[in-house]
Amino acid sequence: MRRILIVGNSGAGKTTLARAVSHRLALPLIHLDRHYWRPGWIAPDPADFRTEVATPAARQHWVMDGNYAGTLDLRLPRADLLVLVDPPWPLCLARVVRRRWDPRAAGRPDLPDGCPERLDLDFLRYVPRYPWRSRPRVLAAVAAHAPVLPVVRLRSRRQADRWFASLPVA
């Protein structure tokens, strides 16, 4: 495994798992939120973002964390493995809310400067909708752009821990 794509709901544990996998396998870590958001939570032009994602996706080695369905066609064909971190949405929502007031969340390495942790109504609506809206889009993109790509679906912390323990140490 040289290129591992990690996707899932907000609060699912994508970033935490991506950091651990990157360290364990000695692969460079790419947080797509750092490439997407501009200071003040300003979204980029979609064409500019696609160009920006194409560069790291073309690299030989990476662990990449982030959904961004509009670039899955660029990333899935390059990936050796897709990890779908998929715990129940109520757990994800609780984690998102808890993270907002956790002082350790300030200066998160997966967010760019000028984008402090935040909660708004749209974000709170996104989390419970992920299983019915976003997950099917991810799986449809796999079928369309990388039909033979292995997919690991991790529905619990126990499954994630077991899968992580099965990885070789670099």
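Reading guide: rules and limits
- Each chain carries its own residue numbering, running from 1 in the direction its sequence is written.
- Reporting in this predicted model follows two pLDDT cut-offs: at least 70 for local features of residues, and 80 or more for side-chain atom pairs to be given and counted; totals over whole chains, interfaces and linings ignore these cut-offs and use all residues.
- As a rule here, side-chain values come from all non-hydrogen atoms in the structure, and water together with hydrogens is ignored.
- For two strands to pair, DSSP has to find at least two bridges joining them.
- Strands here are runs of E lasting at least two residues and helices are runs of H or I lasting at least four, both read from the DSSP assignment and numbered beginning at the N terminus.
- Lines fitted to C-alpha atoms define the axes, with helix axes restricted to the stretch in contact, and inter-axis angles between N-to-C directions lie between 0 and 180 degrees.
- We call two residues contacting when some pair of their heavy atoms lies within 4.5 Å.
- Aromatic rings from Phe, Tyr and Trp, taking only the six-membered ring of Trp, are treated as a pair when their centres fall within 6.5 Å; an angle between ring planes under 30 degrees marks them as stacked, one over 60 as edge-to-face, and anything in between as tilted.
- A 1.4 Å probe rolled over the protein chains alone gives each residue an accessible area, and that area as a share of the maximum for its type sets the label: buried under 20%, exposed over 50%, partly exposed in between.
- Two conditions define a charge sitting above a ring: the NZ of Lys or the CZ of Arg must be within 6 Å of the ring centre, and it must be within 35 degrees of the ring normal.
- Criterion for a salt bridge: a side-chain nitrogen of Lys or Arg within 4 Å of a carboxyl oxygen of Asp or Glu.

Moving on: the sheet that holds strand β5 (residues 151–154). Within the open sheet, the five strands sit side by side as β2-β3-β1-β4-β5. Their pairing is parallel. Looking at the sheet topology across the chains shown, the edges are occupied by β2 (29–31) and β5. On average, adjacent strands in this sheet sit at an angle of 20 degrees to one another, irrespective of strand direction. Across four bridges, strand β1 (residues 3–8) lies against strand β3 (residues 62–65) in parallel orientation. Residue pairing across strands places Ile4 opposite Val63, the latter belonging to β3. The strands that helix α7 (residues 134–145) touches are β1, β4 (81–85) and β5; relative to β4, the one it contacts most, it runs at about 170 degrees. Helix-sheet contacts for helix α8 (residues 157–165) involve β4 and β5, and the interaxial angle to β5 is about 140 degrees.

Now for the packing of aromatic side chains. The full count for this structure, using the stated rule, is six aromatic pairs. Residues Trp37 and Trp41 carry aromatic rings whose centres are separated by 5.2 Å and whose planes lie at 70 degrees to one another, so their mutual orientation is edge-to-face. Note on Trp37: relative accessible area 18%, which makes it buried. Here the aromatic rings of Tyr126 and Tyr130 are separated by 6.1 Å at their centres, their planes lie at 70 degrees, and the arrangement is edge-to-face. Looking at Tyr130, the relative accessible area reads 1%, which means it is buried. Chaining the aromatic ring pairs together yields one cluster made of Tyr36, Trp37, Trp41, Phe49 and Tyr68. Positioned above the aromatic ring of Phe164 is the side chain of Arg24, whose terminal nitrogen or guanidinium carbon lies 4.9 Å from the ring centre. When the ring centre of Trp37 is taken as origin, the NZ or CZ atom of Arg118, which lies over that ring, is 5.7 Å away.

Side chains Trp62 and Met64 of β3 all project onto a buried face; the interleaved residues Val63 and Asp65 project onto the opposite face, where all are buried too. Judged from the three bridges that link them, β2 and β3 form a sheet pairing that is parallel. Its bridge partner lying in β3, Ile30 is registered against Met64.

Here we take up the pattern of salt bridges. Overall, the coordinates contain eight salt bridges when judged by the stated rule. Arg38 serves as the salt-bridge partner of Glu52, at 3.2 Å between the closest nitrogen and oxygen. Residue Glu52 is found in helix α3 (residues 46–57), and its partner Arg38 is found in the loop between α2 (32–36) and α3; the two are separated by 14 residues along the sequence. Classification of Glu52 as partly exposed rests on a relative accessible area of 29%. A salt bridge links Arg50 to Asp73; its shortest N-O distance comes to 2.9 Å. Of this pair, Arg50 sits in helix α3 while Asp73 sits in helix α4 (residues 72–75), placing them 23 residues apart in sequence. Judged by its relative accessible area of 29%, Asp73 falls in the partly exposed class. Linked by salt bridges that have partners in common, Asp86, Arg135 and Arg153 make up one network.

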